[in-house]
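Architecture and fold: a report
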Amino acid sequence: MLVQDGTLFTSYICFRSSFEKVIEMVERRSDSREKEVWPASGRGQIPSLDGLRAVSIMIVFFSHAGLSQLIPGGFGVTVFFFLSGFLITMLLTREHARTGGIAFGAFYLRRVLRLIPPLLLTIALGLGLVALGWAPGDMSFEATLAQVFFVYNYYSLLPGAEQNAVGFGVLWSLSVEEHFYLIWPVLFLLIARGRIGTAHLVGLLAAIVIWRFVRVLILNDGEWAIYISTDTRFDSLLYGCLLAILMARGGLPDWLHRPQIFYAMLGAGLAALLMSFLWSNPVFRSTLRYSLQGLALMPIFFYAVTRSDHILFQFLNNRIMRRIGIYSYTLYLVHFVILNALWSMGYPREGLTITIVYAAVFSLLWAAIVYRFAEQPLHGLRSRLHTQQPRAS
């Protein structure tokens, strides 16, 4: 085991050295823009992101629905994290380019308006199903508070932690995201003002990997604890943030769009993902796996956004994929509760079964209702908050 761990750590050192060289090259290309770090970044919808959301929720759904031996559901969550970091950073970039600052109050109010209404409604649905005896679980006030206030990942690790509706265990990921966004707008502003650079983000990514090694090899934490803890997982969001920053600064070279480079980068990304799925070493799975997946997603997202008209990415922008992407947040919240409810009623658990069809239909129906009556009415207010001016500093 020690030899294997030494090999893993050596691989990590090589990975870090190569990654830092890439960042140094990008930094040199950006030196001429030092005074104007954040050029105007455009407006409108970012291509392919709704389609990538759809891919993510389908990975999670089918894995939970009994196909986990074939589909790595945890990777779907990692894609959600990466996408979230990328999108939020792009939006912050646009805001800073437009106003010269960040309106922190408006940022956090937008987060509340985006997350809380679907979350409260879906938790109410789950508890209602439990109360009626249609879904397994308990009526735990303590667990519900932990979920609503985004501390459920750490709460669920406590001895004797309670649960409410079975299936709401997926809410750990919301905790990771919201913990990350307590600090990211501040870090972003420091980068935008030139106080720190992208090299500091690379250093932070490296520190998180080292911390995962410490928790696994020294503190003997298990794979699940590493998987759901904020301090070991927020680099999955940070990789998305880093890509958005590199794109916004114009530091990525034009030759990345040459056909041979395009296919080579995509191939390398997909090969790295495949390796992360197949390498079963337990230390790798809890340490370098998330770093490797974050790096692999960078070229895939870059080309999905900048080459959305390419045949490989066109499907991400069709009407069905975009609609599933729009519903993806509520689908994520509700799907596992519905699956567990169907299983408790005697529907089959493994393989391609009628259970998947019913769960998909009920989940989509609930997501459409929540979107129509809880999310759409708030779009106008959220849009106005995007235009709010930051306070003078």
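Residues numbered from 1 in each chain as written. Predicted model: local features only at pLDDT ≥ 70, side-chain atom pairs only at ≥ 80, totals over all residues. Heavy atoms only, no water.

Details of the overall build of the protein
Stated precisely, the cut-off is as follows: Under the scheme used here, helices are H or I runs from DSSP no shorter than 4 residues and strands are E runs no shorter than 2 residues, and both carry numbers assigned from the N terminus. Think of it in three bands: with a 1.4 Å probe and only protein chains considered, a residue is buried below 20% of the maximum accessible area for its type, exposed above 50%, and partly exposed in between. In what follows, a contact means two residues having at least one pair of non-hydrogen atoms within 4.5 Å.
On a plain count of helices and strands, the protein comes out with 17 helices and zero strands. Considering the protein as a whole, with its 393 residues, one finds that 52% of them fall into the buried category. Restricting the contact set of the protein to residue pairs at least 6 apart, pairs at least 24 apart contribute 78%.

A few points about unusual backbone geometry
A negative phi angle is the norm for most residues apart from glycine, just as the trans form is the norm for most peptide bonds. Not every positive phi belongs to a glycine, and Ser48 is a case in point at roughly 75 degrees. Within the chain, Asn220 stands out as a residue other than glycine whose phi angle is a positive 60 degrees. You can see Asn220 is positioned in the loop between α8 (198–218) and α9 (223–228).

A few points about a nonpolar patch on the surface
Formally: Patch building starts from residues that exceed 30% relative accessible area and form no salt bridge, then joins like charges within 9 Å and nonpolar side chains (Val, Leu, Ile, Met, Phe, Trp, Tyr) within 5 Å. Only the protein chains shown count as covering a residue, and every accessible area follows the Shrake-Rupley method with a 1.4 Å probe. Throughout this description, the term salt bridge denotes a Lys or Arg side-chain nitrogen within 4 Å of a carboxyl oxygen of Asp or Glu.
On the surface, Leu132, Trp134, Met345, Tyr347, Ile354, Val357, Tyr358, Val361 and Phe362 cluster together into a nonpolar patch covering about 870 Å² of accessible area. Here Val357 is to be found in helix α16 (residues 354–375). With a relative accessible area of 45%, Val357 lands in the partly exposed category.

Side note on the packing of helix α3 (residues 73–99) against helix α14 (residues 288–306)
What counts, and what does not: Every angle, taken between N-to-C directions, lies between 0 and 180 degrees, and every axis is a line fitted to C-alpha atoms, over only the stretch in contact when it is a helix. Each angle is binned into one of four classes, with values under 35 degrees roughly parallel, values over 145 roughly antiparallel, values of 65 to 115 roughly perpendicular, and all other values oblique. Note on convention: the crossing is left-handed when the near helix lies turned anticlockwise from the far helix by less than a right angle, right-handed when the turn is clockwise.
Taken N-terminus to C-terminus, the directions of α3 and α14 make an angle of 60 degrees; their axes are 10 Å apart at the nearest point. Overall, the two elements α3 and α14 adopt an arrangement that is oblique. As α3 packs across α14, the resulting crossing turns out to be right-handed. Residues Phe75, Thr78, Val79, Phe82, Leu83 and Phe86 of α3 touch α14, and the partners they reach there are Tyr290, Gln293, Gly294, Leu297, Met298, Phe301 and Val305.

Description of the packing of α3 against helix α7 (residues 172–192)
As a reminder of what qualifies: Under the scheme applied, nonpolar residues are Ala, Val, Leu, Ile, Met, Phe, Trp, Tyr, Cys and Pro; charged residues are Asp, Glu, Lys and Arg; polar residues are all the others, including Gly.
Between α3 and α7, whose axes approach to 11 Å, the crossing angle comes to 30 degrees. When the axes of α3 and α7 are compared, the crossing they make is right-handed. Judged by residue contacts, Val77, Phe81, Ser84, Gly85, Ile88, Thr89, Leu92, Thr93 and His96 of α3 engage Trp172, Ser173, Val176, Glu177, Tyr181, Trp184, Pro185, Phe188, Leu189 and Ala192 from α7. Split by residue class, the contact of α3 with α7 holds 12 nonpolar, six polar and one charged.

Re the side chain of Ser56
Structurally, Ser56 can be placed in helix α2 (residues 49–67). A relative accessible area of 0% means that Ser56 is categorised as buried. With residues up to four places along the chain from it excluded, the contact list for Ser56 reads Gly76, Val79 and Phe80.

Quick word on the environment of Ser276
Residue placement: Ser276 occurs in helix α12 (residues 259–278). Residues Ser276 and Leu288, spaced 12 residues apart in sequence, show a C-alpha to C-alpha distance of 8.7 Å. When residues no more than four places from it in sequence are discounted, the contact partners of Ser276 are Phe284, Arg289, Leu292 and Gln293.

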